[in-house]
Amino acid sequence: MTRRRAFLAAFFLCLAATMAHAQSSPVATNAAPRLILLGTGGGPGGRVDRAGIATMLEVNGHRYLIDAGGGVSRQLAMAGMAERDVPLVFLTHLHDDHYAGLLSLASFSYSTQGKAMMLIGPAGTTRLGTALGDVMATNARIRGAESAAMRPVNAFLSARDVGPGPVFKDDTIAVMAIANTHYALVDKTAAPDAQSLSYRFTIGGKSVVFTGDTGASPDLATFAKGADILVAEMATAADRAAVPPQVRQHMDVEHLSPAQVGDLARQAGVGKLVLSHVGTVSEQDLAEVRAHYSGPVVLGRDLQTISF
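Predicted model only: the values in this text are computed from it and were never measured. (Residues numbered from 1 in each chain as written. Predicted model: local features only at pLDDT ≥ 70, side-chain atom pairs only at ≥ 80, totals over all residues. Heavy atoms only, no water.)

Colleague: I keep staring at the sheet that holds strand β9 (residues 197–203) and nothing clicks. Help me out?
Modeller: Strand pairing in a sheet relies on backbone hydrogen bonds, with the paired strands running either antiparallel or parallel. Pairing is mixed in the open sheet, where seven strands are placed in the order β7-β8-β9-β10-β11-β12-β13. Each having just a single partner strand, β7 (165–169) and β13 (297–299) make up the two edges of the open sheet. Strand-to-strand twist of the sheet, defined as the mean angle between neighbouring strand axes without regard to direction, takes the value 20°. Bridge count between β7 and strand β8 (residues 174–179): four bridges; the pairing is antiparallel. Considered in β8, the bridge of Gly-165 is made with Ala-177. (Pairing = 2+ DSSP bridges. Helix = DSSP H or I, 4+ residues; strand = E, 2+ residues; numbered from the N terminus. Axes fitted to C-alpha atoms, helices over the stretch in contact; angles between N-to-C directions.)

Colleague: Would you mind showing me how to read helix α3 (residues 102–111) here?
Modeller: One turn of the α-helix equals 3.6 residues, which is why residues spaced by three or four share an orientation. Burial of α3 is extensive: seven of the 10 residues sit out of reach of the surface. For α3, the complete set of buried residues consists of Leu-102, Leu-105, Ala-106, Ser-107, Ser-109, Tyr-110 and Ser-111. One or two steps after α3, the chain reaches Gln-113, where phi turns positive at roughly 55°. (Buried < 20%, exposed > 50% of the residue type's maximum accessible area, 1.4 Å probe, protein only.)

Colleague: It is not clear to me how the nonpolar core should be interpreted in this structure. Could you clarify?
Modeller: The nonpolar side chains of a soluble globular protein tend to be buried with one another. If you look at the biggest cluster of nonpolar residues, it comprises 27 residues, and the most contacted ones within it are Leu-57, Tyr-64, Phe-90, Phe-168, Tyr-199, Phe-201 and Val-208. Here the element with the most residues in this core is β9; it accounts for four residues. Core analysis: the second largest hydrophobic core is formed by 26 residues, Met-56, Leu-102, Tyr-110 and Met-117 among them. (Core = buried A, V, L, I, M, F, W, Y, C linked by side-chain atoms within 4.5 Å.)

Colleague: Any chance you could explain the pattern of salt bridges here in plain terms?
Modeller: Opposite charge on two side chains lets them pair, provided their charged atoms get close. The full count for this structure, using the stated rule, is eight salt bridges. The residue Glu-58 makes a salt bridge to Arg-34 at a minimum N-O spacing of 2.6 Å. Of this pair, Glu-58 sits in strand β2 (residues 54–59) while Arg-34 is found in strand β1 (residues 34–39), placing the two residues 24 residues apart along the sequence. Look at Glu-58 and you get buried, because its relative accessible area is 5%. (Salt bridge = Lys/Arg side-chain N within 4 Å of Asp/Glu carboxyl O.)

Colleague: Explain the environment of Leu-91 here, please?
Modeller: Inspection of the secondary structure assignment puts Leu-91 in the loop between β4 (88–90) and α3. The buried category is assigned to Leu-91, whose relative accessible area is 0%. C-alpha separation for the pair Leu-91 and Lys-206, spaced 115 residues apart in sequence, amounts to 21 Å. Every residue in contact with Leu-91, bar those within four places of it in the chain, is listed here: Asp-67, Ala-68, His-98, Tyr-99, Leu-102, Ile-120, Gly-121, Pro-122, Thr-125, Leu-128 and Tyr-199. (Contact = heavy atoms within 4.5 Å.)

Colleague: Would you take a moment to explain the environment of Arg-151 for this structure?
Modeller: Looking at the secondary structure, you find Arg-151 in the loop between α4 (125–146) and α5 (153–156). Put simply, Arg-151 and Gly-61 are 90 residues apart on the chain and 25 Å apart in space, counted from C-alpha to C-alpha. Not counting the four nearest positions on each side in its chain, Arg-151 is found in contact with Tyr-110, Gln-113, Gly-114, Lys-115, Ala-116 and Phe-156. For Arg-151, the side chain forms a polar contact with the main-chain oxygen of Gly-114, separated by 2.4 Å. (Polar contact = N/O pair within 3.5 Å; in protein donor to acceptor, adjacent residues only side chain to side chain.)

Okay, structure coming up:
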């Protein structure tokens, strides 16, 4: 009976992996690069209108996830993908709303025998990866008892700290990073490794820049110069009013207002501005953005696809 239970467990595990693979969508290798805005919500806590921040970049049969906010597993399924489709995760910074979905993302990919996963991000990412592996260990031991095919967690999950400069390159993309001003008010003696990055992905002659969370930064405008798409965060007056008084200076200094987002897009001369990591956005807010930037402005919504 014990051998029969073990056989059935292994059978259903393999069946689950096969179903997950079948349900995930292939990436067209000759299609234009595209962004899938899996989740567009900003800040900690669940929202009824938006999932946590997470964006998929698809290029020539490859997938790159930028941030992994809460609900990313469900959003992947809604987009016709699965956790096993995500071999690389770029984290802009280590506030929890940008990595809260990592446990389900990594553990479900592990359990369905997905490709090895690497986390790439600012100082502290390696430590985060170690902690994530520790949390995954209990499930891994049980899965290992059910199937000899399971690999050790440390053979599946890896993590790497990066800083400003080149951070990644393969046959498809090259990725650069720059430090931004999201932690301008942070006491570095209390959090010496607090670091927030913006990323630029270059694909042949095309490029997309992710601001991540940031305040105003002249360096960021230079970094984003001429990008086809700028994916930018934004905090509105309504967002500021919704937080406790002690958080409002953070909203003022370490996030971008509608006017600042428009200024950034104009100074950088980007082809299109996509607003993601947002809260409450009114038509007046969008009008303020457009008063500073004359190009196309897209208020991102969950599961929206943007080709470029």
